[in-house]
Amino acid sequence: MSSEPFSRDDFLNDGEWGAPFREIEGLVGGELVHAERQERWRPAWFFDIERDGERLPLYYRGDRGLEPDGVDTLRREMQVLQLLEAHGIPVPHIYGFCESLPGIVMERAPGRANLATADSEDERRAVLRHYLDLLAEIHRLPTSKFEALGCPMPQTAAERSLGDIPRWERMYQRGKNQPEPTIELILGWLRENVPTHRERVAPVVGDAGQFLFDQGRVTAVIDIEFAALSDPLADVGALLSRDLSEPLGDLSAGIQYYREITGEDFERDDLLYQAVRFMVVTPLSTCYLCAKPPPGLNLVQYESWNSVYGRIPLQLIAEIEGVEIESPDLGHPRDHRYGVVSDALVEMLRASAKDGDPYAWDTAARLAEYVRAVDQHGARFEAEDLDETAALLGRRPSDWRDADAALEQLAMQATRDTRPGLLRLLVRRTLRREALLGAAMRELVGAEAQRIELPPLG
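Residues numbered from 1 in each chain as written. Predicted model: local features only at pLDDT ≥ 70, side-chain atom pairs only at ≥ 80, totals over all residues. Heavy atoms only, no water.

Sheet topology note: the strand S1 (residues 31-37)/strand S2 (residues 44-51) ladder contains 6 bridges and is antiparallel. Residue pairing in the sheet places His34 in a bridge with Asp48 of S2. Both S2 and strand S3 (residues 54-62) contribute to a ladder of 8 bridges, which runs antiparallel. Counterpart to Asp48 in the pairing with S3 is Pro57. From the end of S2 to the start of S3, which pair antiparallel, there are 2 residues, and Asp52 there has a positive phi angle of about 50 degrees. (Pairing = 2+ DSSP bridges. Helix = DSSP H or I, 4+ residues; strand = E, 2+ residues; numbered from the N terminus.)

Right under this line is the structure:
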């Protein structure tokens with residue numbers, strides 16, 4: 001629905017959104033004067049309400065519809081935001097909860113996201129430090145207040161360290177529709193290497209690194225639907241994930257700063273454990289969608305997330321265990337008479353993106369780029385995957401499905417002695433897949449985790 005020219009009646013009488021917007025007007029106590037849908041994978045709107053002569057910029061954040069408890073999680077996010085605001089943490093002010101299409105109605109806080117847009121390295125460093133100050137404040141809040149909102153208190157080392165992994169694993173098992181050796185290897189490693197020496201439990205925001213900023217300061221901490229009680233390193237480790245798509249600056253310096261202001265006595269491997277734990281949540285929640293995409297899915301975007309956030313945990317595990325991995329030779333694109341067909345399709349869709357629904361056309365154009373790369377490289381890459389799998393298994397799989405099933409069995413039984421070969425194979429074949437996705441991966445092209453260097457404790 002276009003927001004220009006704006007017609008309040010059109011919005012209030014819309015079959016899907018009319019009731020929610022009428023409810024939002026009642027919650028805020030004013031009249032809708034502007035609305036613009038945010039193009040993302042969950043229902044979200046920017047809108048303005050006029051009240052007593054004042055124009056209030058607001059935001060609606062809806063339920064993604066992926067989890068059975070999604071609406072309950074959204075309500076708890078609202079309550080956590082209210083709790084943080086009461087303790088002086090800059091967050092969007094809450095106006096209420098929309099019931100007709102469940103979502104939070106909140107202030108549209110000032111500032112912008114993504115530290116890659118900072119005006120200078122000095123501003124990036126200042127904002128990161130301020131955000132870490134705020135994280136430290138959140139980590140010092142009373143756990144009892146979060147328990148009162150329904151956040152369970154971990155009772156064991158595994159519960160403290162694994163956090164909400166069991167919840168995501170249940171979703172993964174419900175949706176799983178093919179073997180997933182990468183995920184099974186990571187889950188097995190996490191369970192085998194629970195850091196039992198980490199005993200502190202604190203409130204965490206869950207998906208750390210999401211904030212708005214302006215003039216060197218954080219203006220609002222946002223997107224905290226995964227707030228929980230856990231090891232506070234869950235938030236610090238998650239910064240390595242956010243940094244892949246929204247560069248945060250020098251994380252080694254930032255993490256050392258957090259260590260100094262909190263007195264937390266953690267080592268690099270403690271941090272990397274939490275980085276692995278957080279990153280695998282993405283493939284846990286996207287793998288089955290990539291294997292069987294529903295209509296309208298932005299497949300390239302989901303494939304990019306599934307690939308990068310599966311590969312980098314493998315590389316971090318390899319770093320912790322001292323396993324060297326050589327990148328594959330990606331070779332050159334296959335040249336054949338009919339290659340012009342996919343070239344023409346890409347160019348046509350790119351030109352069409354100027355008209356109609358830009359997001360839908362751009363999604364199609366990215367998919368066409370992927371198709372072109374599959375045509376140029378796919379058969380060779382698949383053969384190389386099977387060659388390397390044969391070397392590891394001692395037999396040549398009949399096809400990629402046979403290979404994945406055998407690799408998943410190895411992954412589920414992996415030990416420190418057998419893991420290196422699997423790590424090498426799975427990273428190399430994932431890099432081939434990312435080569436097929438190519439430039440369509442956008443901000444994730446060539447994504448690599450920062451190498452964290454921390455001075456010794458003491």
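Moving on to empty space enclosed by the protein. Summed over all chains, the structure comprises 1 cavity of 30 Å³ or more. Roughly 30 Å³ of internal volume is contained in the largest cavity. Lining of the largest cavity is provided by Asn114, Leu115, Gly209, Phe211, Glu246 and Leu248. (1 Å grid on protein atoms, 1.4 Å probe; cavity = no way out; pocket = protein on both sides within 12 Å on 5 of 7 lines; lining within 4 Å. Points joined across faces, edges and corners; volume = space filled by probe spheres on them.)

Turning our attention to the sheet that holds strand S4 (residues 94-98). Strand order in the open sheet formed by 5 strands is S1-S2-S3-S5-S4, with antiparallel pairing between adjacent strands. Strands at the two margins of the open sheet, each flanked by one partner only, are S1 and S4. The sheet shows a mean angle of 25 degrees between the axes of neighbouring strands, taken without regard to direction. (Axes fitted to C-alpha atoms, helices over the stretch in contact; angles between N-to-C directions.)

Here the focus is the pairing of S4. As a general feature of sheets, a regular strand has side chains that alternate between the two faces. The buried fraction of S4 is high, at 4 of 5 residues. Here S4 pairs with strand S5 (residues 103-107) via 4 bridges, running antiparallel. In the sheet register, Phe97 faces S5, and the bridge partner there is Ile104. With antiparallel pairing between neighbouring strands as the criterion, S4 and S5 make up a hairpin whose turn holds 4 residues. (Buried < 20%, exposed > 50% of the residue type's maximum accessible area, 1.4 Å probe, protein only.)

Glancing now at the pattern of salt bridges. Counting across every chain of the model gives 40 salt bridges. Among the salt bridges present, the one from Arg442 reaches Asp362, with a minimum N-O distance of 2.8 Å. Pair noted here: Arg442 is in the segment after helix H17 (419-437) and Asp362 is in helix H15 (residues 358-393), with a separation of 80 residues, a long-range link. The partly exposed category is assigned to Arg442, whose relative accessible area is 35%. Salt bridges sharing common partners tie together Arg380, Glu384, Asp385, Glu388, Arg428 and Arg432. (Salt bridge = Lys/Arg side-chain N within 4 Å of Asp/Glu carboxyl O.)

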